[in-house]
There are 2 protein chains.
Amino acid sequence: MNTSPIDMLETPAAVIDLSRMLHNIARMQQRADDLGVAFRPHVKTSKCTEVVTRQTAAGARGITVSTLKEAREFFAAGVTDILYAVGMVASKLPAALALKQSGCALQIITDSLAAAEAIVAFGKAHAERFEVLIEIDTDSHRSGVKPDEPVLFDIARTLHDGGMVLAGVLTHAGSSYDHDTPDALVAVAEKERAGVVRAAQRLREAGLPCPVVSLGSTPTALMTRGLEGVTELRAGVYVFFDLVMTNVGVCTTDDLALSVLTTVIGHQVDKGLAVLDAGWMAMSRDRGTAKQKIDYGYGQVCDVDGTVVPGYILGAANQEHGLLCRAASKEGTAGLEATDPSPVETDIAERFPIGTRLRILPNHACATGAQFAQYHALADDGQLSTWSRFSGW
Amino acid sequence: MNTSPIDMLETPAAVIDLSRMLHNIARMQQRADDLGVAFRPHVKTSKCTEVVTRQTAAGARGITVSTLKEAREFFAAGVTDILYAVGMVASKLPAALALKQSGCALQIITDSLAAAEAIVAFGKAHAERFEVLIEIDTDSHRSGVKPDEPVLFDIARTLHDGGMVLAGVLTHAGSSYDHDTPDALVAVAEKERAGVVRAAQRLREAGLPCPVVSLGSTPTALMTRGLEGVTELRAGVYVFFDLVMTNVGVCTTDDLALSVLTTVIGHQVDKGLAVLDAGWMAMSRDRGTAKQKIDYGYGQVCDVDGTVVPGYILGAANQEHGLLCRAASKEGTAGLEATDPSPVETDIAERFPIGTRLRILPNHACATGAQFAQYHALADDGQLSTWSRFSGW
């Protein structure tokens, strides 16, 4: 019997299907190329240099980060063009300054006059011209100023007149995750585009510079019909995709590049459950599919080769225990309906004997990846490479 | 103006209120002492040597772990008496053997004949007498054999006759988390006690050894009326407590020792939201209070000194953004009702200006702690100590 490298991994472990990941990277880069915009991947999904190297090799220009630690780590790994896409606040300016002074072409963002004033004051005090984008709210999702709000000018003039580099505008239509039909996604994408372009136009009409017009989320990036007026596209989770994105409708389970390798450690035969060593510490507590078309519990069960085992999900999870069960069927797909009792699988112990190794597709790749300090990248020939990932702030 | 050490921390950061933690440790140890049993804390909550040192100093005898990495880390830190309380499986036996051969008094558990046979075969092959407890299911929660199942004897005889050390029985009434009245908790605790004692009696009546009778969960440990027949108590989350335990009714928010320090980075004034730099990456995705009496969203808001700010919770979270909002009031307490729209706080920007530092009490201390690589232990005099914690497998 041949033992492949994956059989030697201790479980639970995070496995990346390398060819799926490369396919996802190529797909999104091609999309940006076709749309005529630069692509700046959001690397908060992987936090892994080996992943980002492949995104850059495919044509990405710069990266987007969600923490200044990501900026420091990727700058240390040789990436110089970095957009920190969470609102800057005074207490984080010293860390941003340190990056700038080290030679990092760091861009920061703001959506408030108070933060803009703090950036100007700190920049002047340290003779640093921060490059700042103004965050635009195009879908009432989370943060940003609305394209037509007067405060847009106040922020822009404060930055510009205060000697900072007014680099442009950016938006993120996070509400795209809440939709699951092509028409709705196209509409969100157009709203995202129109809103951020409108903000850019207003700034330019007022005589203010606005070279960068940046937008994106994985669903809108894949569904938009055009990006007129936009210069830059951003997306993150596409690199691995996940079950949430499958429900949104922008990928299939065959595209999902991240899974958690696990071992069957027991059974509750009377309840039709197999107990796995992947609980919520491995899968994360993310239940993003709970309110979607198909509720996958804590994940979709696959065999060790990554082939979906239809009808079986991780129905519940404790810290280090996952409970595999048969999911209620809905329109022929493997999903869990909160209202339907799961049918009991009486031969669960024969179907999944103790020691069986499985792979679980996660609801949310960003959350599941964050539970691990390394990925095991699996090539088509079965060879494994261990890639470290970082976490924290 | 005096600057205290906590003002210098970058956010988000995990803060431990040292005196609360020491109070919690003393309370549980006193409880075990009063009940006349040994206490073996579950260290999966903290994964931190400095925390465990204080549990041991208070009188704990040995520790419980949820991963073999925890066993290795704490053994390296000088703890020798370690119970790995997740069902053993063949693929993990080499790691268990390495610990035993290094001098660790490791106990392992099983609830299946297949695993017992694997332990015996591996133990014999490596001339190692593993100490094994049989896991008993006393509340249909997750795993274990029922006290009256015949397979109990098959497992016990396989281990005993196979030359392993049949160390005893253990159970964990995880269903205690689902209750919130003293009567219900007392009943679960008694069921937990009676079930595991019954299993021990059956083994002894059959002439098999059963020195250890181990049980526990934080709620049952605190609510049980007596532990006749039991030798050992286990509990984990009590060391920090959390909002889930507050809802269960075994602590108050004044007991909660873990919080996440965060900074206000923006507002959505029209929606009455303040945007924080603690999203789900800091808080974890755990929504354990969602189905309890009071739904705290992603956490209860406190001021920087740790005093609860009544009526404000972290109502929603993205990866690095948390949305602070006013919670719908319910019987005078600060909770979010899924059916009630939250009242809009129109002066949110004045109430929580940009740059304001807050602390957020988490739903689930085990999940939130796991998002951080260190804790900042805050003494009553304001001094901070940085304690590292580990994660992974």
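Bear in mind that the values here come from a model prediction, so they are computed numbers and not experimental data.

## Describing the interface of chain B and chain A
Then, in step 1: Between chain B and chain A, the contact holds 40 residues from the first and 40 residues from the second.
Then, in step 2: Mapped onto the side of chain B that touches chain A, the elements with two or more residues apiece are α5 (113-125), β10 (258-268) and α12 (365-369) of chain B.
Then, in step 3: It is β10 of chain B that provides the largest number of residues to the side of chain B that touches chain A, a total of four residues.
Then, in step 4: When its residues are assigned to classes, the side of chain B that touches chain A shows 16 nonpolar, 16 polar and eight charged.

## Regarding the nonpolar core
Then, in step 1: Within the largest apolar cluster, 258 residues are counted, with the highest numbers of intra-cluster contacts made by I82 of chain A together with I82 of chain B.
Then, in step 2: Residues within four places of I82 of chain A in sequence aside, it is in contact with G62, I63, V65, A71, F74, F75, C104, A105 and L106 of chain A.

## Quick word on the packing of helix α3 (residues 68-76) of chain A against helix α4 (residues 93-101) of chain A
All names here are of chain A.
Then, in step 1: At a closest axis distance of 10 Å, the pairing of α3 and α4 adopts a crossing angle of 15°. In terms of axis orientation, α3 runs roughly parallel to α4. The handedness of the crossing between α3 and α4 comes out as left-handed. Contacts from L68, A71, R72 and F75 in α3 reach A95, A96 and L99 in α4.

## Concerning the sheet that holds strand β7 (residues 165-171) of chain A
All names here are of chain A.
Then, in step 1: Within the open sheet, the eight strands sit side by side as β2-β9-β8-β7-β6-β5-β4-β3. Their pairing is parallel. Among the strands making up the open sheet, the edge pair consists of β2 (38-39) and β3 (63-65).
Then, in step 2: Sheet topology note: the strand β8 (residues 212-215)/strand β9 (residues 232-233) ladder contains two bridges and is parallel. The residue of β9 that forms the bridge with L215 is L233.

## Brief notes about helix α3 (residues 68-76) of chain B
Residues and elements named next belong to chain B.
Then, in step 1: The set of residues buried in α3 consists of L68, E70, A71, E73, F74 and F75.
Then, in step 2: Tucked into the core, α3 has its buried residues touching α2 (49-57), β3 (63-65), β4 (81-84), α4 (93-101) and β5 (105-110).
Then, in step 3: Just past α3, the residue G78 takes up positive phi, approximately 105°.

## Observations regarding the environment of R287 of chain A
Residues and elements named next belong to chain A.
Then, in step 1: Checked against the element boundaries, R287 lands in the loop between α10 (280-283) and β12 (300-303).
Then, in step 2: R287 sits in the buried class, given 22 other C-beta atoms within 10 Å.
Then, in step 3: In the structure, R287 is positioned 43 residues away from V244 in sequence and 9.1 Å away in space, judged by C-alpha atoms.

## Focus on the sheet that holds strand β8 (residues 212-215) of chain B
Residues and elements named next belong to chain B.
Then, in step 1: Strand order in the open sheet formed by eight strands is β2-β9-β8-β7-β6-β5-β4-β3, and the pairing between neighbours is parallel. A strand with exactly one partner marks an edge of an open sheet, and here the two such strands are β2 (38-39) and β3.
Then, in step 2: When β4 meets β5, the two strands line up parallel, connected through three bridges. The residue of β5 that forms the bridge with I82 is L106.

## Concerning the relation of the copies chain B and chain A
Then, in step 1: Laying chain B over chain A is done by rotating through 180° and shifting 0.0 Å along the axis; what remains is an RMSD of 0.0 Å. In symmetry terms, the pair is related by a two-fold rotation axis. Scanning chain B for the C-alpha nearest the rotation axis identifies R285 of chain B, at a separation of 2.4 Å.

## Considerations on the domain arrangement of chain A
Often the size quoted for an interface is simply the accessible area lost on bringing the parts together.
Residues and elements named next belong to chain A.
Then, in step 1: Here chain A is partitioned into domain 1 (18-239) and domain 2 (253-388).
Then, in step 2: Here the C-alpha centre of domain 2 lies 34 Å away from the C-alpha centre of domain 1.
Then, in step 3: Facing the 12 residues of domain 1 at the interface are 14 residues of domain 2.
Then, in step 4: If you tally residues by element for the side of domain 1 that touches domain 2, the top one is helix α1 (residues 18-35), at five residues.
Then, in step 5: Looking at the side of domain 1 that touches domain 2, its residues break down into four nonpolar, four polar and four charged.

What counts and what doesn't
- Residues numbered from 1 in each chain as written.
- Chains lettered and ligands numbered in written order.
- Predicted model: local features only at pLDDT ≥ 70, side-chain atom pairs only at ≥ 80, totals over all residues.
- Contact = placed C-beta atoms within 7 Å.
- Helix = DSSP H or I, 4+ residues; strand = E, 2+ residues; numbered from the N terminus.
- Nonpolar A, V, L, I, M, F, W, Y, C, P; charged D, E, K, R; others polar.
- Core = buried A, V, L, I, M, F, W, Y, C linked by C-beta atoms within 7 Å.
- Buried ≥ 20, exposed ≤ 12 C-beta atoms within 10 Å, placed from the backbone.
- Axes fitted to C-alpha atoms, helices over the stretch in contact; angles between N-to-C directions.
- Parallel < 35°, antiparallel > 145°, perpendicular 65-115°, else oblique.
- Left-handed = near helix turned anticlockwise from the far one by under 90°.
- Pairing = 2+ DSSP bridges.
- Least-squares fit on C-alpha atoms with pLDDT ≥ 70 in both.
- Domains from an automatic or database assignment.

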